[in-house]
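Listed below are the residues making up each chain.
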Amino acid sequence: MRLQFTKGHGTGNDFVLFTDADMDVDLTEQRVRALADRHVGVGGDGVIRAALTERHEEGRGQDAEWFMDYRNGDGSIAEMCGNGVRVFAHYLLANGLAQADADGMLPIATRAGLRPVRVLDQGRYEVSMGEFTIAENDTLVTAEGIDVARPALSVDVGNPHRVVALATATELQALDLTRTPGLDPAPDHGANVEFVVPGAVTSGRGSITMRVHERGVGETQSCGTGAVAAAMATRHWIGDDAPDTWLVAVPGGEVEVTASGTEATLSGPAELVFSADIDVE
């Protein structure tokens with residue numbers, strides 16, 4: 001199978017994107033893994049197919065022309081990807097597949113529901129991430145590099161997250177996330193795990209530093225939904241005096257999360273690196 005693709009990333013969270021408007025490509029787990037393989041494929045944390053919403057059974061009924069069919073690098077299906085939505089919107093606009101309206105808005109259909117994207121300046125995009133929910137529970141997280149199991153806060157941003165607070169940057173850097181963190185109890189479909197160190201609050205904006213292990217991928221340079229989960233967890237821990245806007249530093253750069261009630265927006269850059277053809281067996 002000959003496939004024309006584009007490589008893109010948002011703060012280092014990278015993706016293989018291609019257009020398959022009518023869902024003609026049999027996108028098997030094996031083909032996703034082949035495309036995402038960093039040694040013998042293109043390489044990426046995930047693969048994104050651009051499909052017409054009316055052609056995708058999980059997109060029908062959403063008020064958007066295009067559906068973001070997102071797969072993790074291991075071939076598993078994911079509900080959402082905050083960095084991926086920005087890169088996907090950039091891909092559609094750059095290839096003339098869609099146009100933003102007069103207010104700079106472009107709606108994107110996803111498995112987690114409609115995600116409106118606003119075009120900002122200097123290659124940045126803002127995504128309305130929808131409602132997030134926080135559940136107090138007794139999840140314990142173990143990971144290589146921390147001595148004892150740590151409690152985690154469960155945050156849902158259209159996909160599941162477990163957020164763990166650490167005390168220092170040294171403790172954060174000592175983590176070995178080449179191994180999957182342990183979750184007790186383990187969610188049926190897994191979860192992304194964020195490790196965060198809170199920083200200063202300056203000019204009404206909070207700051208955190210984060211590393212993340214994504215289910216089906218491993219450690220990534222960035223995670224958009226993870227940034228939202230980590231920021232909202234930190235805001236929850238602080239309480240009523242917490243700011244609504246947070247700068248989230250990740251290994252691949254920085255994104256900004258803003259809460260309004262129980263909904264959040266995510267803003268950050270999106271870049272397309274190159275386009276080419278590949279034969280996928």
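Residues numbered from 1 in each chain as written. Predicted model: local features only at pLDDT ≥ 70, side-chain atom pairs only at ≥ 80, totals over all residues. Heavy atoms only, no water.

> Could you give me a rundown of the packing of aromatic side chains, with the residues and numbers involved?
Any two aromatic rings considered together are summarised by their centre-to-centre distance and by the angle between their planes. The tally for this structure, following the rule as stated, stands at two aromatic pairs. Between Phe-5 and Phe-274, the ring centres sit 5.9 Å apart and the planes meet at 80 degrees, which makes this aromatic pair edge-to-face. Highlighted residues: Phe-5 in strand 1 (residues 2-10) and Phe-274 in strand 20 (residues 271-279), separated in sequence by 269 residues. You can call Phe-5 buried: its relative accessible area is 4%. Considering the side-chain rings of Phe-15 and Tyr-70, the 5.9 Å spacing of their centres and the 75 degrees angle between planes classify their relative orientation as edge-to-face. Linking Phe-15 in strand 2 (residues 13-19) with Tyr-70 in strand 4 (residues 66-72), this pair joins segments that are 55 residues apart in sequence. (Phe/Tyr/Trp six-rings, centres within 6.5 Å; stacked < 30°, edge-to-face > 60°. Helix = DSSP H or I, 4+ residues; strand = E, 2+ residues; numbered from the N terminus. Buried < 20%, exposed > 50% of the residue type's maximum accessible area, 1.4 Å probe, protein only.)

> Please give an account of the UniProt feature "binding site: substrate" (unreviewed entry) in the protein chain that cites residues and values.
Feature annotation in UniProt assigns "binding site: substrate" (unreviewed entry) to the following positions: Asn-13, Asn-72, Gly-82, Asn-83, Asn-159, Asn-192, Glu-214, Arg-215, Gly-224 and Thr-225. Lining the largest cavity, out of the annotated residues just given, are Asn-72, Asn-159, Asn-192, Glu-214 and Arg-215. Within the secondary structure, Asn-72 is located in strand 4. Judged by relative accessible area, Asn-72 falls into the buried class, the value being 3%. Setting aside residues up to four positions removed in sequence, Asn-72 forms contacts with Val-32, Asp-45, Gly-46, Ile-77, Ala-78, Arg-215, Gly-216 and Val-217. Mapped onto the secondary structure, Gly-224 falls in helix 4 (residues 224-238). When sequence neighbours within four positions are dropped, the list of residues in contact with Gly-224 reads Asn-13, Gly-82, Asn-83 and Leu-266. (UniProt positions renumbered as here; feature names shortened; annotations may be inferred. 1 Å grid on protein atoms, 1.4 Å probe; cavity = no way out; pocket = protein on both sides within 12 Å on 5 of 7 lines; lining within 4 Å. Contact = heavy atoms within 4.5 Å.)

> Which residues make up helix 2 (residues 82-94), and what values do they have?
Taking 1.5 Å per residue, 13 residues should reach 18 Å; helix 2 reaches 19 Å between its end C-alpha atoms and fits that length. In terms of burial, helix 2 is a largely internal element, eleven of the 13 residues being buried. Of the residues one or two after helix 2, Gly-96 is the one with positive phi, at around 70 degrees. (Expected span 1.5 Å × (residues − 1).)

> So what about the sheet that holds strand 10 (residues 150-151)? Which residues, and what values?
What the three strands build is an open sheet, ordered 10-9-13; its pairing is antiparallel. Strand pairing shows two members of the sheet lacking a second neighbour, strand 10 and strand 13 (182-184), which therefore form its edges. Across three bridges, the pairing between strand 9 (residues 140-142) and strand 13 is antiparallel. Its bridge partner lying in strand 13, Thr-142 is registered against Gly-182. (Pairing = 2+ DSSP bridges.)

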